[in-house]
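Okay, here's what each chain looks like letter by letter:
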Amino acid sequence: MKLSELKQGQRATVVRVGGYGPFRIRLLEMGFLQGTEVYVEKYAPLKDPIELILKGYHVSLRVDEAARIQVENVRDEV
Amino acid sequence: MPKKSITIALAGNPNSGKSTVFNNLTGTRQKIGNWPGVTVEKKEGHLKANGYDLTVVDLPGTYSLTAYSIEEIVARNFILDEKPDLVVDIIDASNLERNLYLATQLRELDTKVIFVLNMADLVMDRGVKINADKLSELLDVPVVFTVGNRNKGTRELLKTIISVAEAEIELPRTRRVYYGKDIEKAIIELSQFIKEKTDTKLPYHLRWVAIKLLENDKIVKERVSQAGNPQGEAILHEAELQRLRLREFFDEEPEIIMTDHRYGFIAGIVKEVLKTVSERRVDVSRQIDQVLTNRLLGLPIFVFFIWAMFQLTFSLGTYPMNWIDSGVGWLGQSTGQILPEGLFRDLIVDGVIGGVGSVAIFLPNILILFFCIALFEDTGYMARAAFLMDKVMHLIGLHGKSFIPMLMGFGCNAPAIMATRTLESEKDRILTILINPLMSCSARLPVYILLAGTFFGAKAGNAIFSIYALGVVLALLVGRLFRSTFLRGKVAPFVMELPPYRAPMLKGLLIHMWDRSKIFLKKMGGVILIGSVVVWFLSSFPREVQLSKDYESEVAALSAHYGAHIAAVQGDRIEKLVRERDQAVTALEAQKAKERVENSYIGHLGKSLAPIFGPIGMDWRGSVAMLTGFVAKEIVVSTMGVLYAVGAEEDEKSEALKLALKKSGMTPLSAYAMMAFVLIYVPCLATVAVIRRETNSWKWAAFSIIYSTILAWFVAFVIYQGGKAIGLV
């Protein structure tokens, strides 16, 4: 599943960051590694970008950037 | 004891509190400039401690040391080439894992490092404990705790800096990132290969070079092949072979695997040094964001903040503006009285004091505006603004962060263009800079008020608003056009941290505000000075012009005439006559001033340009006013005052000038075309100077002048001729 398909309040585990080159490395350096937990905090009022929480900090990504991140084990926060 | 000097580089993630630590260390003794050749801000500060002269260089905030962004390249090159005695890495303790990524990369470089765990108090609040001794032991690096915003730990940090810098011993490198069997083998083989191939030692740590080559780092590759090293090609070839082997083995780029290993190494450390002692407490920052970036409330609140910023800037700013205005007026007058009449006095009073005064008057606005911006930045709200507005800015292919500079443009384009420094991508910056002058700045408002007030009566407000809207629409169109032509390129990825909200420190805010205002004053002062003198020269020369009448003798005759009358009457009549006489003299002098300007170089220039301005509904007086508006757009109003011969010192509210304009043959349509022209054409001199400075090139400054003027003419032409064609007047 793509990270961009998650709804607000859902949690998932990163499988793989797709795409090429520097952007991909940048995402990895920011902590989007395989096995990392990501939580969708909210979407911006205009539906783009997304605010995520990972490794204890908040980061925002555009929806089409989040679409390059494959996730699994999607679950609703309890 | 002879003085010794130490150079320290401050490294760290954005939002790690780096600038607070920098301010604590150096106080206000800072120097701000640009890194050579790039438009990244460089800050440097000095202090003395224990008989040492310390130079602290604030490196750009980065998440990593790959050659991904210009900031990273600048930071890395400084450490590699300038070889500071010590690198101090500021680590946000509340965000240990990600901050340690940069830390591990710094340790791989051949340099002494100290880690500073900043904002450890926040971590404690969250019920987490960090074992600094353990961290120090695991990484072989001294660790100091600081709380930047309470100025705690600064003294201990200084002590550690000096003792580490003094120590001659090589720091042990036992604990390093282990990249796994296969990559380690490649690193060792490649290091060995490099060592054999190069007689003279490479200037950098061997293992580091090998790692970077395996990561396909373009800058290191360039250096290896240059480095005066005949074997460069062979080394690069060997590195490529190793990369190929690894890629085949992992079915993945080696640099990805290596990033993974670094984080693995970090995870191990974090596990050992972090201890959760109590249940996590409430996250205040997150709760604030439930409101400030709320789906429904987020945008209205944002609009309110911006509105408040403008109110503060322009309402509160009016008072000191008036003081400065009267101060400049007084200075001009008293200087005028001291100096003997003549060319020199005119130059000083009209050229220098008048010109520079017209810029100095904006200082209060600029100070307040920058204070608000600093407040947004230091609290962390700026990132939220970008988060909220990214979708809108994305329409013209810009980053959400571009929104704030665009908005500031409504105040004054010069500081707004300086505010583009927060943008990471060079192309984004240039694009934001180029379209910024289309945001109608406050200096253009007096022109609109005069013209709309004269020709649109009760609808003046709507007319002015539509001009502002025209600017915004043009900015969107031009932005798209530029983005799809010569500024093409990938839109910068958005990946942006939303740091926790922090209470700003007054000291930090003031330093922030003053630094930028200082740049404005210093640089702009000089350019404005020259520009004002040039315009003064063009409008006061040639001195000997053929006037239609002998004004001096007419004034004398007039005075004599009234003098005789005044002597003959008594009481109230004297006063009345004196007033009449003064009015007559003023009218004559205004006539003379008009003729002077008409016959000056700028007048001739305006007249020769009249054919160009004709199709957009302006006569020669309009074109002269536009020419003088290059110095500062509000000057258009006072030039018109002179040219329509209603006496000097006219402002936009002057009834006499309005009357004169109405009689001059201008129509609402030509006035509107003129307003549009004033909106778009050449940014003022100060703005052009800032564009030149911020883009580091005359090319962009010239381009900005040319494109805006052509666009202005074209738009005014469409308005004027189009309006005429559909029967408007």
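Keep in mind that this is a model prediction, so the values were computed, not measured. (Residues numbered from 1 in each chain as written. Chains lettered and ligands numbered in written order. Predicted model: local features only at pLDDT ≥ 70, side-chain atom pairs only at ≥ 80, totals over all residues.)

Caption draft 1: Quick look at the overall build of chain A. Broken down by element type, chain A carries two helices and five strands. Reading the helices (α) and strands (β) of chain A from amino to carboxyl end gives β-α-β-β-β-α-β. For chain A, the C-alpha radius of gyration of 11 Å lies close to 12 Å, the compact-globule estimate for 78 residues. Principal-axis analysis of the C-alpha atoms gives chain A an extent of 35 × 25 × 25 Å. Residues classed as buried in chain A amount to 44% of the 78 residues present. Sequence-distant contacts, at least 24 apart, represent 56% of the contacts inside chain A between residues at least 6 apart. (Helix = DSSP H or I, 4+ residues; strand = E, 2+ residues; numbered from the N terminus. Rg over C-alpha atoms; globule rule 2.2 N^0.38 Å. Buried ≥ 20, exposed ≤ 12 C-beta atoms within 10 Å, placed from the backbone. Contact = placed C-beta atoms within 7 Å.)

Caption draft 2: Spotlight on the overall build of chain B. For chain B, the count of helices and strands is 32 helices and 10 strands. With the principal axes as the frame, chain B shows a C-alpha extent of 110 × 60 × 60 Å. Put simply, chain B has 729 residues, and 42% of those count as buried. Pairs at least 24 apart in sequence give 72% of the contacts found in chain B among residues at least 6 apart.

Caption draft 3: Representation of the interface of chain A and chain B within the structure. Listed as interface residues are 26 residues of chain A and, on the opposing side, 27 residues of chain B. Looking at the side of chain A that touches chain B element by element, the count peaks at seven residues for helix α1 (residues 21-29) of chain A. Taken together, the residues that form the side of chain A that touches chain B break down as 14 nonpolar, four polar and eight charged. (Nonpolar A, V, L, I, M, F, W, Y, C, P; charged D, E, K, R; others polar.)

Caption draft 4: Inspection of the domain arrangement of chain B at higher detail. Residue and element names in this part refer to chain B. According to the domain assignment, chain B consists of domain 1 (4-166) and domain 2 (181-250). Distance from the C-alpha centre of domain 1 to the C-alpha centre of domain 2: 29 Å. Each partner contributes residues to the interface: domain 1 has seven residues there, and domain 2 has seven residues. (Domains from an automatic or database assignment.)

Caption draft 5: Region of interest: the sheet that holds strand β2 (residues 37-43) of chain A. Pairing is antiparallel in the open sheet, where six strands are placed in the order β5(A)-β1(A)-β2(A)-β3(A)-β4(A)-β10(B). Each edge of the open sheet carries a strand with a single partner, namely β5 (69-76) of chain A together with β10 (496-497) of chain B. The pairing of strand β1 (residues 10-17) of chain A with β2 of chain A spans three bridges and is classified as antiparallel. Within β2 of chain A, the residue paired with Ala 12 of chain A across the bridge is Val 38 of chain A. (Pairing = 2+ DSSP bridges.)

Caption draft 6: Broad picture of the pairing of strand β3 (residues 41-49) of chain B. Residues and elements named next belong to chain B. By the bridge criterion, seven bridges tie β3 to strand β4 (residues 52-58) in an arrangement that is antiparallel. Each residue of the ladder has a partner; that of Gly 45, found in β4, is Val 56. Linking two consecutive strands that pair antiparallel, namely β3 and β4, is a turn of two residues; a positive phi of about 50° is found at Asn 50 within it.

Caption draft 7: Just the pairing of β4 of chain B, in detail. Note that strand β1 (residues 4-12) of chain B and β4 of chain B share seven bridges and pair parallel. For Thr 7 of chain B, the partnering residue across the bridge sits in β4 of chain B and is Thr 55 of chain B.

Caption draft 8: Local environment of the environment of Ala 660 of chain B. By the element assignment, Ala 660 of chain B lies in helix α29 (residues 655-663). Sequence separation of Ala 660 of chain B and Leu 643 of chain B is 17 residues, and the distance between their C-alpha atoms is 10.0 Å.

Caption draft 9: Fine view of helix α2 (residues 70-82) of chain B. All names here are of chain B. A rise of 1.5 Å per residue sets the reference length of α2, with its 13 residues, at 18 Å; its end C-alpha atoms lie 17 Å apart and thus fit the reference within 8%. Buried within α2 are the following residues: Glu 72, Ile 73, Val 74, Ala 75, Arg 76, Phe 78 and Ile 79. On its buried face, α2 is in contact with β1, β4, β5 (86-92) and α9 (218-226). Following α2 by one or two positions, Lys 83 has its phi on the positive side, about 45°. (Expected span 1.5 Å × (residues − 1).)

Caption draft 10: Just the environment of Thr 28 of chain B, in detail. Residue and element names in this part refer to chain B. Checked against the element boundaries, Thr 28 lands in the loop between α1 (18-26) and β2 (30-34). On the basis of neighbour counts, which here come to 11 C-beta atoms within 10 Å, the residue Thr 28 falls in the exposed class. Each C-alpha atom, one on Thr 28 and one on Leu 510, is 9.8 Å from the other, the two residues being 482 residues apart in sequence.

Caption draft 11: Quick look at the packing of helix α7 (residues 181-197) of chain B against helix α8 (residues 206-214) of chain B. Residues and elements named next belong to chain B. Remark: α7 packs on α8, axes separated minimally by 9 Å, with the N-to-C direction vectors making an angle of 115°. In the crossing of α7 with α8, the sense of the turn from one axis to the other is right-handed. Contact with α7, carried on its side by Ala 186, Ile 187, Leu 190, Ser 191, Ile 194 and Lys 195, involves Leu 206, Arg 207, Val 209, Ala 210, Ile 211, Leu 213 and Leu 214 of α8 and no other residues of that element. Split by residue class, the contact of α7 with α8 holds 10 nonpolar, one polar and two charged. (Axes fitted to C-alpha atoms, helices over the stretch in contact; angles between N-to-C directions. Left-handed = near helix turned anticlockwise from the far one by under 90°.)

Caption draft 12: Fine view of the nonpolar core. Residues and elements named next belong to chain B. In terms of nonpolar packing, the biggest core is built from 178 residues, with Leu 10, Val 116, Met 675, Ala 676 and Phe 677 touching the most fellow members. Per element, the largest residue contribution to this core is 10 residues, and it comes from helix α30 (residues 668-680). The residues contacting Phe 677, other than those within four sequence positions of it, are Ile 616, Met 626, Ala 712 and Ala 716. Core analysis: the next-biggest nonpolar cluster, separate from the first, contains 17 residues, Ala 210, Leu 213, Leu 214 and Leu 246 among them. (Core = buried A, V, L, I, M, F, W, Y, C linked by C-beta atoms within 7 Å.)

Caption draft 13: Here's a closer look at the environment of Arg 107 of chain B. Residues and elements named next belong to chain B. Following the sequence through the fold, Arg 107 ends up in helix α3 (residues 96-108). A sequence separation of 68 residues divides Arg 107 from Arg 175, and the C-alpha atoms of the two residues are 9.6 Å apart. In this view, Arg 107 contacts Val 113, Leu 139, Val 141 and Arg 176; residues no more than four positions away in its chain are not counted.

Caption draft 14: Fine view of unusual backbone geometry. All names here are of chain A. Cis geometry marks the peptide bond from Asp 48 to Pro 49; its omega dihedral reads 0°. With respect to the helices and strands, the residue Pro 49 is situated in the loop between β2 and β3 (50-54). Of note in this structure, Lys 47 is not a glycine but carries a positive phi near 75°.

Caption draft 15: Inspection of the confidence of the model for chain B at higher detail. Of the residues in chain B, 91% reach a pLDDT of 70 or more, and the chain-wide mean stands at 83. Taken together, the chains of this predicted complex give a pTM of 0.78 and an interface ipTM of 0.94. (pLDDT = per-residue confidence, 0-100.)

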